Number of protein chains: 2
Amino acid sequence: MTSQTDAEMNNKRVVIEGVKPEIDSGRHPIKRVLGERIVVEADVFTDGHEALSCELLYRPGTSGAWLAVPMEPLVNDRWRAEFTVTGLGKYSYTIHAWLDPFKLWSRNLVKRLEVGQDVTIELLIGANLIDDTLHRTKGNDAALLSTYAEQLRAGPESGVPAALSGELAALMLAHADREGGITYDRELEVVVDPVRARFGAWYEFFPRSCWEDNCTHGTLKIAEGRLPYMKELGFDVVYLPPIHPIGNTKRKGKNNNVLAQPDDVGSPWAIGSDLGGHKSVSPDLGTFQDFKRFVQKATKLGMDVALDIAFQCSPDHPYVKEHPEWFKLRPDNTIQYAENPPKKYEDIYPFDFDTPHWREMWAELRSIIEFWINHGVTIFRIDNPHTKPLRFWKWLIGGIKETHPETIFLAEAFTRPKIMYYLAKVGFTQSYNYFPWRNSAWELTEYFTELTRTDVKEFFRPNLWPNTPDILHESLQHGGRPAFMSRFVLAATLGASYGIYGPAYELCVNTPVAPGKEEYLDSEKYEIKHWDTGRADSLKTLLARVNKIRHDNPALQSNDNLRFYQTGNEHLLAYSKATDDLSNVILVIVNLDPLSTQSGTVEVPIQELGIDPFAPYLVQDLLTGTYYEWSGTHNYVQLNPHVLPAHILLLSSK
Amino acid sequence: MTSQTDAEMNNKRVVIEGVKPEIDSGRHPIKRVLGERIVVEADVFTDGHEALSCELLYRPGTSGAWLAVPMEPLVNDRWRAEFTVTGLGKYSYTIHAWLDPFKLWSRNLVKRLEVGQDVTIELLIGANLIDDTLHRTKGNDAALLSTYAEQLRAGPESGVPAALSGELAALMLAHADREGGITYDRELEVVVDPVRARFGAWYEFFPRSCWEDNCTHGTLKIAEGRLPYMKELGFDVVYLPPIHPIGNTKRKGKNNNVLAQPDDVGSPWAIGSDLGGHKSVSPDLGTFQDFKRFVQKATKLGMDVALDIAFQCSPDHPYVKEHPEWFKLRPDNTIQYAENPPKKYEDIYPFDFDTPHWREMWAELRSIIEFWINHGVTIFRIDNPHTKPLRFWKWLIGGIKETHPETIFLAEAFTRPKIMYYLAKVGFTQSYNYFPWRNSAWELTEYFTELTRTDVKEFFRPNLWPNTPDILHESLQHGGRPAFMSRFVLAATLGASYGIYGPAYELCVNTPVAPGKEEYLDSEKYEIKHWDTGRADSLKTLLARVNKIRHDNPALQSNDNLRFYQTGNEHLLAYSKATDDLSNVILVIVNLDPLSTQSGTVEVPIQELGIDPFAPYLVQDLLTGTYYEWSGTHNYVQLNPHVLPAHILLLSSK
């Protein structure tokens, strides 16, 4: 009896463990969007033959009164309940369970009656249990319970029917001794984001580039005029690379040349000049008034604007002069430029996040986000977050979301898997991921199973990009137009969120700066491009069609409903997405071979998808409108990549 | 900057997660025996391109100075180190990691030199890093470091060789700024038990039964004379059912009859009469002096004695009179007997663990264990622990092991899986398990994979019993002698710990009390049996042989080295056990069909077991001494269950 406390030895005999969802012992919240369910399961048990009852407790926020949902027992001491999140911001949940002697007594009474035992004394025990409950009960319920206790005490004739009444069971549950139970030792958190955090098609473009003949440098005003084009293509988010003044010192020339020519425009990510920094709009692009109109026009068209946040400075950034203490000094008293030895990036100064003046610096960086929120932006694509402290992001995103739970932060962290996931754990709403480098059926199946069928789905929301200004994968370089079509369909149907870097994508731009490189030749990062988006071979019709299909079919607006199927052909990838109620079931088949027609037999357990396996059924290809009569689980498909490398089949739409 | 503390925002940038072994977020300790290794792995990473260093910290006990072992990086941000436990009782371990700027600097210096960069300024940076370290360094190391700093400052000619020296790297690691790092937020615990906790063959017998003609009631003195027999059979632990006085009230007769005859001896588990309770020896069996001699004789023969602890009372137990407040009263003022409705066990009163007087009662129960420890017993087989509070066991076993870490507690909990595992988590050293009901190759493979290849192996040590006085499985009822042989080999080779209830086992007693029941006819639990252990058809030679094989081959003394193989025949189960260094490799093949000869091709990846796949090799059946010449991975076996249903093949013994 030495070191043990009363609390450890008292009668709190219930164990709660194996709680799901729970990320890293509750160190990190799970994520949901408005209107989603959270299904909570746990192992709940006790010693002996005791009965127990169990409730899921949840609440908006992290303090205040709990709401309770009874948990239902499954098999093997597993219990389950669910709740729905209806407000932005944080929710919390936990589990409460207690020994329920009346439930045990009732269960045993039935067994005793079945073998004809005399239950007179048992009824007295039951009446005593009711009396115990009366101490916690007032009003009408107390009166009802007293009557039941009397009936039980009067003997089996009146007592047995009373004891078995559903009303008595409900009253006893309502007034059960919850205080004597235990609450799970962790309060788990949910971050609830807007629906856009789960579902959206992104379009990235450089507003300084030209899409019309009479243009030498694009502007926000011109870009505003291009918004209807993006709307026509069906995009939900338009995302702009940094729009701030660009540095002159060590400015990069075309094709990342270290010596810029006088007319070179530089990289938008070399932020800051004497014209301003992260809180300025480059005069070359326009004014804050122009930006405001751009955002208003996008909003009017039903699109959101996403801004790029790159926490780094050109040597000319005002911060460098005003706050040299925010940067690292070298022994020769120069400021340390960015590098990944032996590579040097002398046009970029990274912040020193460990500076003794970090408090001021962190606050200033946070104020950049707040600045743009005040200018109508709620979606931020964060450049290279993995090169800044993980705790910084936890602090920044956590803080911003306290007052702006509507914000979305997309992590552009192409880094090692554990760090990629950890950034999501500490707060990033969405994440770039390895999709660009997952090209075979085997790779895609393995990777998307990890993303959608493991705990990863609780905190990591992939945003799928078949290309970016930094990534022109060799599958696009070598696969040409068929590959651009198939990779687009994959991104748009495997991922509820996806994006493209356009117009390079719809125009199938695919020349690398050098063989074996993923950089574009004549990259738009370093020069103004002139795009002809009206070209006959543009993929814009396909893009518009697929985006409409995404909007019309709720099955395509989630990730964790993804299921892969066998095709008997390694070039054919088949998968379905279905709504929970099976009212909308989509089957996608993609030919991954950009060169040849491929055929195979798709094997779909259609019964699981709500389709009668013994009757023929019609499937419609939503890409072409064509109907096919299928039957059973095995059906033949053939896809010519030069025509259309994919089927998006509607199996069921009730 | 509102609710965040300095500690949350400072430069502790390292993340430690995914630590293994760790049970339920560290809520429960893992288990090891003396001399075993603990291999610890974790994901350890940070943002950016920083380098880090990482140490496993461990110590005997749960306080005091840590010992440190450097962790080595594996792939994908996973790190590993190990330590060995050399003392009984608790150990604790955790992980410490820190940013290592000198390691980063050295790594980058090499890259810079490879491309011929001027490193003059880099060497100054390196010298500054050495200076930072000097603040923490004294004596010779400080002098050495100062010299290195000077050499670096003198320029590349002297600086580069100095910078690349292994001595400098070692000094910088030794004096690294560990304080600036982070320690994993949990201290994880290990319970270290004696080797017997992992490896041992148990023999259960009723000392009151007779094994010789001139005997009507066995005694401890007679049982002492039977110990050489058990030693001859190769057992390590002799386990006695309760040896206390047996109650008279509601005593059970033969075959569990509720009406005992005057000469019925009653169940040893109906503990207590006016002759005493849990701290008494039944006069029918002898005296404390006899018990002492019994233990001494066993010890002399190299065997341990295990006692049965059943925390329950017959109605005649002294506790019932002295402490009626330790039991539940019914409304008619009778004491509540044990029941599992509609079944009643009126010869047993369970303790009321929730009594307001629980403190006194729990202390008394614990004193029972201490009482028998003082009488030389360190192994306790606990009867039905799942019907007592889980917290009680945590308190009792935890408390006992604080002063007696040499004790072993075997949980006889044939209950639901989560509770069975939880009892192991809260302290039980070993556990009965579902082995009696796992009979097909598929069931055995699935179950033993769960026990030996998942986290379960860290806290749950199975003790395999093919029979007990309560369990005569139908496979033995129907399979006869061949089944007794095969189930024995399975128990003794699948489990490092196993036990039998004898002499019923070696004499192949297999008549149930009724068809479909697992109880024995004329069960020894309720009557005195007369055993003829000299019978010609006894399995004692097989038992002795297998137990010798277990002692001679360390591969059979562990559990988590178990690997199953294909045989192409569902009646043939094949598996290996090997020591870590492959110096001892055993392959077991068992015919599970008690009726017919079965043959098949055993498919063993022999290369993994250290055997040249391109040369023939000899295997020896340790059961018969026969040698076979095998070659390659696929070899033919045939087993006649009526002769010998198993091979125990020695593949390698260096």
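Note that the structure is predicted; figures quoted are calculated from it, not measured. (Residues numbered from 1 in each chain as written. Chains lettered and ligands numbered in written order. Predicted model: local features only at pLDDT ≥ 70, side-chain atom pairs only at ≥ 80, totals over all residues. Heavy atoms only, no water.)

Visitor: Describe the sheet that holds strand E22 (residues 497–501) of chain B, naming the residues involved and giving the relevant values.
Guide: Residue and element names in this part refer to chain B. Read from one edge of the open sheet, 8 strands run E20-E19-E18-E13-E12-E11-E22-E21, paired in parallel fashion. Looking at strand neighbours, the two that pair on one side only are strand E20 (430–431) and strand E21 (463–464), the edges of this open sheet. In this sheet, strand E12 (residues 237–240) lies alongside strand E11 (residues 200–204) in parallel orientation, the contact comprising 3 bridges. Each bridged residue has a counterpart across the sheet, and for Trp 202 the counterpart in E12 is Val 237. (Pairing = 2+ DSSP bridges. Helix = DSSP H or I, 4+ residues; strand = E, 2+ residues; numbered from the N terminus.)

Visitor: Describe in detail the packing of aromatic side chains, supporting the description with residues and values.
Guide: Throughout the structure, instances matching the rule amount to 98 aromatic pairs over all chains. Measuring from ring centre to ring centre gives 6.5 Å for Tyr203(A) and Tyr229(A), while their planes differ by 75°; the resulting arrangement is edge-to-face. Within this pair, whereas Tyr203(A) is found in strand E11 (residues 200–204), its partner Tyr229(A) is found in helix H7 (residues 220–232), the two being separated by 26 residues in sequence. With respect to burial, Tyr203(A) and Tyr229(A) carry one shared label: buried. Ring plane angle 90° and centroid distance 6.0 Å describe the contact between Tyr421(A) and Phe459(A), whose orientation is recorded as edge-to-face. Taken together, the residues Tyr421(A) in helix H12 (residues 417–425) and Phe459(A) in the loop between helix H13 (441–453) and strand E21 (463–464) connect sequence positions 38 residues apart. Across the pair, exposure class does not vary: Tyr421(A) and Phe459(A) are buried alike. One cation-aromatic arrangement involves Arg366(A) over Trp395(A); the distance from NZ or CZ to the ring centre is 5.7 Å. Between Arg59(B) and the ring centre of Trp66(B), over which it is positioned, the NZ or CZ distance is 3.7 Å. (Phe/Tyr/Trp six-rings, centres within 6.5 Å; stacked < 30°, edge-to-face > 60°. Buried < 20%, exposed > 50% of the residue type's maximum accessible area, 1.4 Å probe, protein only. Lys NZ or Arg CZ within 6 Å of the ring centre and 35° of its normal.)

Visitor: Just give me the short version of the interface of chain A and chain B, but keep the residues and values in it.
Guide: Across the contact, 70 residues belong to chain A and 69 residues belong to chain B. Together, the buried faces of chain A and chain B total about 6300 Å²; carbon and sulfur atoms form 50% of this surface. One can count 14 salt bridges joining chain A with chain B. With a closest N to O distance of 3.1 Å, Arg27(A) and Asp185(B) form a salt bridge. Linking chain A with chain B are 25 residue pairs in polar contact (both at pLDDT 80 or more), by the criterion used here. Residues that form the side of chain A that touches chain B fall into these classes: 22 nonpolar, 18 polar and 30 charged. (Contact = heavy atoms within 4.5 Å. Buried area = accessible area lost by both parts, 1.4 Å probe. Salt bridge = Lys/Arg side-chain N within 4 Å of Asp/Glu carboxyl O. Polar contact = N/O pair within 3.5 Å; in protein donor to acceptor, adjacent residues only side chain to side chain. Nonpolar A, V, L, I, M, F, W, Y, C, P; charged D, E, K, R; others polar.)

Visitor: Could you give an account of the relation of the copies chain A and chain B, naming the residues involved and the relevant values?
Guide: Superposing chain A onto chain B requires a rotation of 180° together with a translation of 0.0 Å along the rotation axis, leaving an RMSD of 0.0 Å. The two molecules are tied by a two-fold rotation axis, judged by turn and shift. The C-alpha atom lying nearest the rotation axis in chain A is that of Ser25(A); the distance is 2.9 Å. The residues that chain A uses at the interface reappear at the interface of chain B in 97% of cases, marking a shared surface. (Least-squares fit on C-alpha atoms with pLDDT ≥ 70 in both.)

Visitor: Lay out a nonpolar patch on the surface in plain terms, naming residues and giving numbers.
Guide: A cluster of nonpolar side chains, contributed by Leu34(A), Leu88(A) and Val195(A), occupies part of the molecular surface with about 200 Å² of accessible area. Residue placement: Val195(A) occurs in the loop between strand E10 (188–193) and E11. (Patch = residues over 30% accessible without salt bridge, like charges linked within 9 Å, V, L, I, M, F, W, Y side chains within 5 Å. Areas by Shrake-Rupley, 256 points an atom, 1.4 Å probe, with all protein chains shown as cover.)

Visitor: Run through the pairing of strand E24 (residues 572–578) of chain A, naming residues and quoting values.
Guide: Working note: regular strand, side chains alternate between the two faces of the sheet. Residues and elements named next belong to chain A. Counting buried positions along E24 yields 7 of 7 residues, so the element is predominantly enclosed. Residues Leu 572, Ala 574, Ser 576 and Ala 578 point to one face of E24 and Leu 573, Tyr 575 and Lys 577 to the other, with burial holding for every one of them. Taking the residues between adjacent antiparallel strands as the criterion, strand E23 (residues 562–565) and E24 are bridged by 6 residues, where Gly 568 takes a positive phi near 70°. For E24 and strand E25 (residues 584–591), the ladder comprises 7 bridges, and the chain directions are antiparallel. Its bridge partner lying in E25, Leu 572 is registered against Asn 591. Adjacent in sequence and paired antiparallel, E24 and E25 are bridged by 5 residues, among which Leu 582 carries a positive phi angle near 60°.

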